Amino acid sequence: MKTYLTLDKQLRSETDAAIIANLERKGWVPAPQPAYDPVTQQCEWVDGAWVVTPIPLTLYTAEQWLAKEGYGATQLVTLLNLEAQLAAAAKTSPALTAVKAWTNNLLAAFVADPAPRADWPPAPHTFAATVTEAYALL
């Protein structure tokens with residue numbers, strides 16, 4: 001377990017009890033980290049004190065979010081093709097319909113505000129699951 005020690009705004013991290021005892025004899029003082037949630041917060045030693053701050057959210061453009069969710073340009077074109085084939089066969093795919101609604105909602109949000117965001121909704125289905133269902137219906 002790490003023990004943090006400080007002297008003149010410097011911070012040291014040690015695990016060896018003998019080294020810790022030696023540093024304390026030399027004037028180093030224990031400086032335990034404050035309680036924080038490592039999932040949502042970060043704890044840093046800044047200018048002689050612990051500072052707990054929120055972890056910055058990752059921002060994505062609409063296009064980056066689509067790609068992150070597995071729907072890049074090629075996948076979207078594939079879905080359009082599958083939608084046309086299903087329409088020609090007078091069939092519909094619930095997964096494809098849900099993904100289309102999801103992409104339409106992303107587009108509407110992008111048009112309203114094209115700035116990158118951290119709160120885009122997740123895809124309702126994976127690309128693989130959507131394609132598998134659509135092909136099974138054809």
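To be clear, the structure that these remarks concern was listed above.
Below: a short report on this structure.

### Some details on the side chain of Thr6
Alright, step 1. As for its placement among the helices and strands, Thr6 is situated in strand E1 (residues 3-7).
Alright, step 2. Looking at Thr6, its side chain comes within polar contact range of the main-chain oxygen of Gln10, at 2.8 Å.
Alright, step 3. Apart from residues no more than four positions distant in its own chain, Thr6 is found in contact with Gly27, Trp28, Val29, Ala31 and Trp45.

### Topic: the pattern of salt bridges
Alright, step 1. Scanning the entire structure with this criterion turns up 5 salt bridges.
Alright, step 2. Salt-bridge contacts for Glu14 lead to Arg12; the nearest nitrogen and oxygen are separated by 2.8 Å.
Alright, step 3. What makes Glu14 buried here is its relative accessible area of 13%.
Alright, step 4. Overall, Arg12 belongs to the partly exposed group, its relative accessible area being 34%.
Alright, step 5. Between Lys68 and Glu69 there is a salt bridge; the shortest N-O distance is 3.8 Å.
Alright, step 6. Taking the relative accessible area as the measure of exposure, Lys68 reaches 47% and is therefore partly exposed.

### A few points about the sheet that holds strand E3 (residues 29-30)
Each strand in a sheet pairs with another by means of backbone hydrogen bonds, the pair being arranged parallel or else antiparallel.
Alright, step 1. Here we have 3 strands laid out as an open sheet, ordered E2-E1-E3, and antiparallel in their pairing. Two strands close off the open sheet at either side, each with one partner strand: strand E2 (10-14) and E3.
Alright, step 2. Here E1 runs beside E3; their pairing, made up of 2 bridges, is antiparallel. Counterpart to Leu5 in the pairing with E3 is Pro30.
Alright, step 3. Taken strand by strand, helix H1 (residues 17-25) contacts E1, E2 and E3, and its axis lies near 155° from that of E2.

### Describing the environment of Thr103
Alright, step 1. Mapped onto the elements, Thr103 comes out in helix H4 (residues 94-112).
Alright, step 2. Separated by 41 residues in sequence, Thr103 and Ala62 have C-alpha atoms that sit 9.4 Å apart.
Alright, step 3. Residue contacts for Thr103: discarding those within four places in its chain leaves Leu66 and Leu76.

### Quick notes on the packing of helix H3 (residues 73-88) against H4
Alright, step 1. The N-to-C vectors of H3 and H4 enclose an angle of 130°; their axes lie 11 Å apart at closest approach. When the axis of H3 is compared with that of H4, the two are oblique. The two elements H3 and H4 cross, and the hand of that crossing is left-handed. Side by side, H3 and H4 meet where Leu76, Leu79, Leu82, Glu83 and Leu86 of the first sit next to Leu96, Val99, Lys100 and Thr103 of the second.

About the criteria used
- Residues numbered from 1 in each chain as written.
- Predicted model: local features only at pLDDT ≥ 70, side-chain atom pairs only at ≥ 80, totals over all residues.
- Heavy atoms only, no water.
- Helix = DSSP H or I, 4+ residues; strand = E, 2+ residues; numbered from the N terminus.
- Polar contact = N/O pair within 3.5 Å; in protein donor to acceptor, adjacent residues only side chain to side chain.
- Contact = heavy atoms within 4.5 Å.
- Salt bridge = Lys/Arg side-chain N within 4 Å of Asp/Glu carboxyl O.
- Buried < 20%, exposed > 50% of the residue type's maximum accessible area, 1.4 Å probe, protein only.
- Pairing = 2+ DSSP bridges.
- Axes fitted to C-alpha atoms, helices over the stretch in contact; angles between N-to-C directions.
- Parallel < 35°, antiparallel > 145°, perpendicular 65-115°, else oblique.
- Left-handed = near helix turned anticlockwise from the far one by under 90°.

Limitation: the analysis is restricted to geometry and does not speak to function.
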